[in-house]
Amino acid sequence: MTDKFDKTPAGSPAGQVSVSKGATPAPENIKAIPVRHVGRWISGVVVIGLLIALGYAFSQGNIQWHAVGDKLFDSTVVAGAGRTLLISVLAMVLGVILGVVLAVMRLSKNPVTSWVAWLYIWFFRGTPVYVQLLLWFNLALIFPVLNIPFIYKDEMTDVMTPFMCALLGLALNEAAYMAEICRAGIQSVDEGQTEASHALGMTQGRTMRRVVLPQALRVIIPPTGNEFINMLKTSSLVYAVTYNELLRSTSQIGSTSYAVMEMLFVASIWYIVMTSVFSVGQYYLERRYARGSLRSLPLTPLQRVKVNLAAFSNRPSGGVSA
């Protein structure tokens, strides 16, 4: 018969086992020591130093900062900002509508409409906006009279007002870019959607309106918002056709008060404010249209701040326990 060995650890009282059967020893606390990123601190200090130096340089420059504050809400400046917003919105609306039409024409199986749409996009994307504005402004040199038989007849100089030149120049140029954006959005929709709609008896036009375009908006909306923000800044080019928008309004005040740089700062502040407001709107609009493609929506900036604050307040003062 085999002898039984005593498995009790030496030094332990008889019959007492230090670790019960099937139990695992308790893990020790792990003290996590964060890695020191010296390069981050150095780069941060360098950037802050450069910003301080830039601010100091502007503070010592020959700039009448009180004039910036005095003229920021001047009635002429506010009216110019309103006209900038008006021309930007109208030009963008016309550009989007015409861009959708051009995109559909470009994708049409009709070679004539497809070729005409391609030619339009090729011309308006190939020439600068500034040149197009000047072409509309000087159109009377080619056509002194606008004559539409039995409908309308007038002097071209009376028809092509600064507002009309600005609207046509910005809208027609924007339509060329929106056509490519809409075309990309339409082509992003799976062809099976169109085939299924046709199998249900829907016409080509109804399929485009009710099936393809609603799904394409998820792709079209983000670059469209970016185009509108760009339109707000591009509208400053209508200064060339004497349309009294924000830049022209501030420039006129600067030329009479000899505060040229100060008024340019005023215009810049207004442009930054308008683009910032619409950038926030663009973010939430994109977030809304992303609901159908993402399982969980990304956190908004405010939600990120709350999460970071909660994580910082709940962080233990000692080491991290395993």
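All of these numbers come straight from a predicted model, not from anything done at the bench.

Draft legend 1. Local environment of the side chain of E245. Examined against the element boundaries, E245 turns out to sit in the loop between α9 (204-234) and α10 (246-257). We note that E245 is buried and unpaired, the nearest opposite charge coming from R248 at a distance of 6.7 Å. Apart from the residues within four sequence positions on either side, E245 is in contact with G80, R83, T84, S235, S236, V238, Y239 and Y271.

Draft legend 2. Broad picture of the nonpolar core. In this structure, V77, L170, V238, V241, L246, V266 and W270 are the most contacted members of the largest nonpolar core, which totals 43 residues. Put simply, the parts of the chain that give this core at least two residues each are α3 (75-107), α5 (129-137), α6 (156-159), α7 (162-187), α9, α10 and α11 (260-289). No other element matches the 9 residues that α7 contributes to this core. With near-sequence residues (within four places) excluded, W270 lies in contact with L72, F73, V77, V78, A81 and L246. In this structure, L102, A117, Y120 and A176 belong to the second largest nonpolar core, which totals 9 residues.

Draft legend 3. Focus on unusual backbone geometry. Unusually for a residue other than glycine, T242 sits at a positive phi of about 60°. Here T242 lies in the loop between α9 and α10. For T242, a relative accessible area of 36% corresponds to the partly exposed category. Positioned with a positive phi, Y258 is a non-glycine residue whose angle comes to about 60°. Position of Y258 among the secondary structure elements: in the loop between α10 and α11. Taking relative accessible area as the criterion, Y258 reaches 74% and is therefore assigned exposed.

Calculation criteria
Residues numbered from 1 in each chain as written. Predicted model: local features only at pLDDT ≥ 70, side-chain atom pairs only at ≥ 80, totals over all residues. Heavy atoms only, no water. Helix = DSSP H or I, 4+ residues; strand = E, 2+ residues; numbered from the N terminus. Buried < 20%, exposed > 50% of the residue type's maximum accessible area, 1.4 Å probe, protein only. Lys, Arg positive; Asp, Glu negative; His and termini not counted. Salt bridge = Lys/Arg side-chain N within 4 Å of Asp/Glu carboxyl O. Contact = heavy atoms within 4.5 Å. Core = buried A, V, L, I, M, F, W, Y, C linked by side-chain atoms within 4.5 Å.

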